[in-house]
Amino acid sequence: RVCNKCVDVFDHHCIWINNCVGRANYRSFFATICAVVAMIGMILGTCTFLLFLYFHDRESFEQRLRDAGWVNDAPGEVFLVLLAFLGVVNVPLFVLD
């Protein structure tokens with residue numbers, strides 16, 4: 001893609017940050033990629049932990065839900081579906097990075 005901007009040592013145009021990557025912004029590009037990997041890793045780690053807790057210690061999982069305060073009335077299965085959805089959406093993103 002051509003965006004009519006002069007970029008010293010042009011590498012490629014990144015559609016995710018909508019900018020050309022070159023010598024001047026390698027560091028910020030790399031920092032962005034590292035931040036995304038860390039964020040997705042934390043999401044997947046949290047989902048994995050909570051799914052493990054749900055299947056191996058249901059009482060502790062339900063106690064955590066009650067301690068959250070704002071989720072007293074919702075059944076645990078709602079959060080199980082939400083965790084599964086977050087995992088399914090984020091695994092391909094984690095692999096792509």
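**Some remarks on the overall build of the chain**
A tally of helices and strands in the chain yields 3 helices and 2 strands. Mapped from its N terminus to its C terminus, the chain presents α and β elements in the order β-β-α-α-α. Looking at the chain as a whole, 22% of its 97 residues are labelled buried. Within the chain, residue pairs in contact and separated by at least 24 positions form 30% of the contacts whose partners lie at least 6 positions apart. In the structure as shown, the chain presents an accessible area of about 7,300 Å², 65% of it carried by carbon and sulfur atoms.

**Let's talk about the packing of helix 1 (residues 26–56) against helix 2 (residues 58–68)**
Here helix 1 crosses helix 2 at 125°, and the two axes come no closer than 5 Å. Regarding the angle of helix 1 to helix 2, the classification is oblique. Contacts from Phe49, Leu50, Leu53, Tyr54 and His56 in helix 1 reach Arg58, Ser60, Phe61 and Arg64 in helix 2. For the contact of helix 1 with helix 2, a count of residues per class yields 5 nonpolar, 2 polar and 2 charged.

**Some remarks on a nonpolar patch on the surface**
A contiguous nonpolar patch, built from Ile15, Trp16 and Ile17 and spanning about 400 Å² of accessible area, is present on the exposed surface. Along the chain, Ile17 turns up in the loop between strand 1 (12–14) and strand 2 (19–21). With a relative accessible area of 32%, Ile17 lands in the partly exposed category.

**Let's talk about the nonpolar core**
With 8 residues, the main nonpolar core is built from Cys47, Leu53, Tyr54, Phe61, Leu65, Phe79, Leu80 and Leu83. Contributions of two or more residues to this core are made by helix 1, helix 2 and helix 3 (76–96). If near-sequence neighbours (up to four positions away) are discounted, Leu53 is found in contact with Arg58, Ser60, Phe61 and Arg64.

**Quick notes on the environment of Arg64**
Take Arg64: it is sitting in helix 2. On the basis of relative accessible area, Arg64 is assigned to the partly exposed category, the value being 45%. In this structure the C-alpha to C-alpha distance between Arg64 and Leu53, which are 11 residues apart in sequence, comes to 10.0 Å. In contact with Arg64, not counting residues within four places along its chain, are Phe49 and Leu53.

**Side note on the confidence of the model for the chain**
Confidence in the prediction of the chain, expressed as mean pLDDT, is 76, and 79% of residues score 70 or more. When pLDDT is averaged over each helix and strand of the chain, the minimum, 74, is found for strand 1 and the maximum, 83, for helix 1.

**Here's the deal with the packing of aromatic side chains**
One pass over the full model with this rule turns up 1 aromatic pair. With 5.1 Å between their ring centres and 85° between their planes, Tyr54 and Phe55 make a pair best called edge-to-face. If you follow Arg58 out to its NZ or CZ, it ends over the ring of Tyr54, 4.2 Å from the centre.

**With respect to helix 1**
For helix 1, built from 31 residues, the straight-helix expectation of 45 Å at 1.5 Å per residue is met to within 8% by its first-to-last C-alpha distance of 44 Å. Along helix 1, the positions that sit buried rather than exposed are Phe29, Ile40, Leu44, Cys47, Leu53 and Tyr54.

Scoring rules and cut-offs
Residues numbered from 1 in each chain as written. Predicted model: local features only at pLDDT ≥ 70, side-chain atom pairs only at ≥ 80, totals over all residues. Heavy atoms only, no water. Helix = DSSP H or I, 4+ residues; strand = E, 2+ residues; numbered from the N terminus. Buried < 20%, exposed > 50% of the residue type's maximum accessible area, 1.4 Å probe, protein only. Contact = heavy atoms within 4.5 Å. Areas by Shrake-Rupley, 256 points an atom, 1.4 Å probe, with all protein chains shown as cover. Axes fitted to C-alpha atoms, helices over the stretch in contact; angles between N-to-C directions. Parallel < 35°, antiparallel > 145°, perpendicular 65-115°, else oblique. Nonpolar A, V, L, I, M, F, W, Y, C, P; charged D, E, K, R; others polar. Patch = residues over 30% accessible without salt bridge, like charges linked within 9 Å, V, L, I, M, F, W, Y side chains within 5 Å. Salt bridge = Lys/Arg side-chain N within 4 Å of Asp/Glu carboxyl O. Core = buried A, V, L, I, M, F, W, Y, C linked by side-chain atoms within 4.5 Å. pLDDT = per-residue confidence, 0-100. Phe/Tyr/Trp six-rings, centres within 6.5 Å; stacked < 30°, edge-to-face > 60°. Lys NZ or Arg CZ within 6 Å of the ring centre and 35° of its normal. Expected span 1.5 Å × (residues − 1).

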